[in-house]
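Observations on the three-dimensional arrangement
Listed below are the residues making up each chain.
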Amino acid sequence: MSLTATHINYFVLCRRKLWLFANGINMEHTSDIVYDGKLLHETSYPQRAERNEEMLISAEYEGIPLFGQIDYFDARTNTVHETKRSNKVEEAHTRQLKFYLWLLELNGVENVSGLLEYPKLRKTDEVYLTDEDREILKKSVIEINSLIQSETCPPTINTKICKSCSYYDFCYTSEN
């Protein structure tokens, strides 16, 4: 199984969500928030289809296959553009974008940077990969690989982001 940027994102957000997703329990298709995010992604920057390219990229770290699907990569500036709906989980978005930058580096692409774009907020953050980020990603890949191979689902985290999560009903609805 390839480890993807989604795994990285969920690792930052919620280990339970990561485990469920990695083990074939996918609730994203039921979420209006996810649908809204996809629609925003498709309509926010229509001119990109002419200038930028979608890019599939893979690498391997410690025997673990890594895979990324970069939506917009500007090859002239070596910039990855990542569009998000809201900045409520900005740390997860940033780590996901840094994962893409790391994958590019592992494939020999130098001087890469990223732009984390929040069109609804009219906000854009520049993202760069540091040595510390590379170490965090390496450690995260090992931890994620171990977690998703575990037979035990992690417990709920019960934070404020849970209420807007597509897995909310799954995690918090109990049978009586």
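Structure: see above.
Okay, so let's go over this structure. Per chain, residue numbering runs from 1 following the sequence as it is written. The predicted nature of this model means local features are confined to residues of pLDDT at least 70 and side-chain atom pairs, given and counted, to a pLDDT of 80 or more, with totals for whole chains, interfaces and linings taken over all residues. Only hydrogens and water are set aside; all other atoms, that is, all heavy atoms of the structure, feed into the side-chain values.

Turning our attention to helix α2 (residues 15-22). Relative accessibility thresholds used throughout: buried, under 20% of the residue-type maximum; exposed, over 50%; partly exposed, between the two (1.4 Å probe, protein chains only). Secondary structure elements are defined from DSSP: runs of H or I of at least 4 residues count as helices, runs of E of at least 2 residues count as strands, and each element is numbered from the N terminus. In terms of residue burial, α2 counts as a mostly covered element, since 6 of its 8 residues are buried. Looking at the buried side of α2, the elements it contacts are α1 (5-13), α6 (131-149) and α7 (168-172). Residues are treated as being in contact if the distance between any of their heavy atoms lies within 4.5 Å.

What follows deals with the packing of aromatic side chains. By convention here, two paired aromatic rings are described through the distance between centres and the angle between planes. For this analysis, a ring pair means two rings from Phe, Tyr or Trp (six-membered ring only for Trp) whose centres lie within 6.5 Å, classed as stacked if their planes differ by under 30 degrees, edge-to-face if by over 60, and tilted for the remaining angles. The tally for this structure, following the rule as stated, stands at 4 aromatic pairs. These aromatic residues form a ring-pair network of at least three members: Y61, F99 and W102. We note R15 situated over the ring of F11; from NZ or CZ to the ring centre the distance is 3.7 Å. Definition used: whenever NZ (Lys) or CZ (Arg) falls within 6 Å of the ring centre and also within 35 degrees of the ring normal, the charge is taken to sit over that ring.

Of all 9 residues that make up α1, 7 are buried, and the element is covered over most of its length. Where α1 is concerned, the buried positions are A5, H7, I8, N9, Y10, F11 and L13. Its buried side turned inward, α1 meets β1 (3-4), α2, β3 (64-74), α5 (90-106) and α6.

Here we take up the pairing of strand β5 (residues 113-118). Counting buried residues along β5, 5 of its 6 residues qualify, which places the element largely inside the surrounding structure. Two strands are counted as paired when DSSP detects at least two bridges linking them. Note: strand β4 (residues 79-83) against β5, 5 bridges, orientation parallel. Across the sheet, the residue bridging to V80 is G114, located in β5. Handedness is read with the strands pointing away from the viewer; a crossover is right-handed when the path from the first strand over the helix to the second is clockwise. Once you follow β4 into α5 and on to β5, the crossover reads as right-handed. The pairing of β5 with strand β6 (residues 123-127) spans 5 bridges and is antiparallel. The residue of β6 that forms the bridge with G114 is V127. Counted along the chain from β5 to the antiparallel partner β6, the turn is 4 residues long, and its residue R122 has a positive phi close to 55°.

What is meant by a nonpolar core is a set of buried Ala, Val, Leu, Ile, Met, Phe, Trp, Tyr and Cys residues, joined one to another through side-chain atoms within 4.5 Å. The biggest cluster of nonpolar side chains holds 35 residues, and the ones touching the most others in it are L3, L66, V80, F99 and W102. Only α1, α2, β2 (53-61), β3, α5, β5 and α6 provide two or more residues apiece to this core. With 8 residues, α5 is the largest single contributor of residues to this core. Beyond its immediate stretch of four places on either side in the chain, L3 contacts I8, I64, P65, L66, F67, F99, V141, I144 and N145.

Moving on, we come to the side chain of T4. Tracing the chain through its elements places T4 in strand β1. Under the relative-accessibility criterion, T4 is labelled buried at 18%. Dropping the residues within four chain positions of it, T4 is found in contact with F67 and F99.

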